[in-house]
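Listed below, chain by chain, are the residues.
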Amino acid sequence: AQRVTQPEKLLSVFKGAPVELKCNYSYSGSPELFWYVQYSRQRLQLLLRHISRESIKGFTADLNKGETSFHLKKPFAQEEDSAMYYCALSGIGYSTLTFGKGTMLLVSP
Amino acid sequence: DTAVSQTPKYLVTQMGNDKSIKCEQNLGHDTMYWYKQDSKKFLKIMFSYNNKELIINETVPNRFSPKSPDKAHLNLHINSLELGDSAVYFCASSQEDRGISGELFFGEGSRLTVL
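Caption draft 1: Summary view of the overall build of chain A. A count of helices and strands for chain A gives 0 helices and 11 strands. Element order for chain A, N to C, with α for helix and β for strand: β-β-β-β-β-β-β-β-β-β-β. A compact globule built from 109 residues would reach a C-alpha radius of gyration of about 13 Å, and chain A, at 13 Å, matches this within 12%. The dimensions of chain A, computed from C-alpha atoms along their principal axes, are 45 × 30 × 25 Å. Looking at chain A as a whole, 47% of its 109 residues qualify as buried. Nonlocal contacts in chain A, meaning residues at least 24 apart in sequence, comprise 59% of its contacts between residues at least 6 apart. Surface accessibility of chain A: about 5400 Å² in total, with carbon and sulfur atoms responsible for 52%.

Right, dumping it as C-alpha cells:
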C-alpha cells in the first residue's frame, strides 16, 4: 500500500524566513513524488515533481529514498506563497496519485 | 478554453435527494478521476476511468455511481444523499503516458452541501 504523510497541518512563517514543508512516504517500489499547490480560490495544480529536479517559484524538493522523504523547501518565503500544499505519490504503471493530508502555509508580512 | 470544467460549482440540497456533478476535459486525456476533499482538506481518490472503463473504485458507498459517456466526460451521480457526503468534489484528468506520469489537471471543484 502506498501512503503519504504530511505531519504539519499548518505552518506559519514571516516573510523572508526559510520554509520547509515535510513529506514522508511509504511505498514498496520506486515511487514518483510530486508537490501540488492550491492557492486561495484557485484549482489544485502541480508545483513540481522529483524527476524534473527543477526549482519552481523558488521551491525545491529532493527525494531522499533512505529517509523516504520529499520535503519542500524555499529559502525565503513570500506572502504569495500562502496556500495549501499537498505532497503526492504515484506508483509505477499508472498515474493515480495518493495525496497527503496537506499543509497550509501562511506567510505573514 | 478551460481545460477541466465541472458543473455545478455549488450545490445545496436536502438529505435523501439524488444529484449529479458533471465533468468535462478538453485536453484529449484518456484518464479521468473523481477526488473527494473533506472538511479537513483531505483529498481522497474515489474513482478513476481510463478510456471510459472503470479502473479504480476505492471504498465508496454504492450510492455513488460514476458514468463516462466518452473519454472527455466523467459524471458523478449520488443517490440518497447523506450529511456526510458534504464535501468538495474534484474532477481531474491525466494522460496515461510515462513521459508526464502523475500530472493531474484539476477542475475547480464542486462544493456539495447536504442539509
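Caption draft 2: Local environment of the environment of Leu-97 of chain A. Tracing the backbone shows Leu-97 of chain A in strand β10 (residues 97-99). Sequence-wise, Leu-97 of chain A and Leu-33 of chain A are 64 residues apart; in three dimensions their C-alpha atoms are separated by 9.1 Å.

Caption draft 3: Region of the structure containing the sheet that holds strand β8 (residues 72-74) of chain A. Residue and element names in this part refer to chain A. Taken together, the 3 strands give an open sheet; going across it, the order is β3-β8-β7, and neighbouring strands pair in antiparallel fashion. Each edge of the sheet is formed by a strand with only one pairing partner; in this case those strands are β3 (19-21) and β7 (60-61). Relative to β8, β7 runs antiparallel, the two sharing 2 bridges. For Ala-61, the partnering residue across the bridge sits in β8 and is Leu-72.

Caption draft 4: A look at the state of the cysteines. Per the stated rule, a full pass over the model turns up 2 disulfides over all chains. Between Cys-23 of chain A and Cys-87 of chain A runs a disulfide, and the two sulfur atoms are separated by 2.0 Å. Every disulfide takes its handedness from the sign of the S-S torsion; for Cys-23 of chain A and Cys-87 of chain A that torsion is -65°, giving left-handed. Placement of the pair is Cys-23 of chain A in the loop between β3 and β4 (24-26) and Cys-87 of chain A in strand β9 (residues 83-90), with a sequence separation of 64 residues. Between Cys-23 of chain B and Cys-91 of chain B runs a disulfide, and the two sulfur atoms are separated by 1.8 Å. Here the S-S torsion is close to -80°, and the disulfide linking Cys-23 of chain B with Cys-91 of chain B is therefore left-handed. Here Cys-91 of chain B lies in strand β9 (residues 87-94) and Cys-23 of chain B lies in strand β3 (residues 19-25), a separation of 68 residues in the sequence. Judged by its relative accessible area of 1%, Cys-23 of chain B falls in the buried class.

Caption draft 5: Fine view of the packing of aromatic side chains. Scanning the entire structure with this criterion turns up 10 aromatic pairs over all chains. Ring geometry for Phe-99 of chain A and Tyr-35 of chain B: centres 5.4 Å apart, planes at 85°, overall edge-to-face. You can see Phe-99 of chain A sitting in strand β10 and its partner Tyr-35 of chain B sitting in strand β4 (residues 31-37), one on each of two chains. The two residues Phe-99 of chain A and Tyr-35 of chain B agree in class, both being buried. Overall, Tyr-35 of chain B belongs to the buried group, its relative accessible area being 0%. Directly above the ring of Phe-42 of chain B sits Lys-101 of chain A, whose terminal nitrogen or CZ lies 5.4 Å from the centroid.

How each quantity is defined
- Each chain has its residues counted from 1, following the order in which its sequence is written.
- Each chain gets a letter, beginning with A, and each ligand a number, beginning with 1, in the order they are written.
- Given that this is a predicted model, residues contribute local features only at a pLDDT of at least 70 and side-chain atom pairs are listed and counted only at 80 or more, while totals for whole chains, interfaces and linings are drawn from all residues.
- The side-chain figures draw on all heavy atoms in the structure; neither hydrogens nor water molecules are used.
- Only DSSP runs of H or I reaching four residues or more are called helices, and only runs of E reaching two or more are called strands; each is numbered from the N terminus.
- The globule rule used for comparison is 2.2 Å times the number of residues to the exponent 0.38, while the radius of gyration itself is calculated over C-alpha atoms.
- For each residue, the accessible area found with a 1.4 Å probe, counting protein chains only, is set against the maximum for its type, and the residue is called buried under 20%, exposed over 50%, and partly exposed in between.
- Two residues form a contact once any of their heavy atoms are found within 4.5 Å.
- For the area figures, the Shrake-Rupley method with a 1.4 Å probe applies, and any residue is considered shielded solely by the protein chains shown.
- What makes two strands pair is DSSP finding at least two bridges between them.
- Disulfides are defined as cysteine sulfur pairs within 2.5 Å.
- Any two rings among Phe, Tyr and Trp, with Trp reduced to its six-membered ring, count as a pair given centres within 6.5 Å; such a pair is stacked if its planes are under 30 degrees apart, edge-to-face if over 60, and tilted if neither.
- The rule is short: NZ of Lys or CZ of Arg within 6 Å of the ring centre and within 35 degrees of the ring normal puts a charge over the ring.

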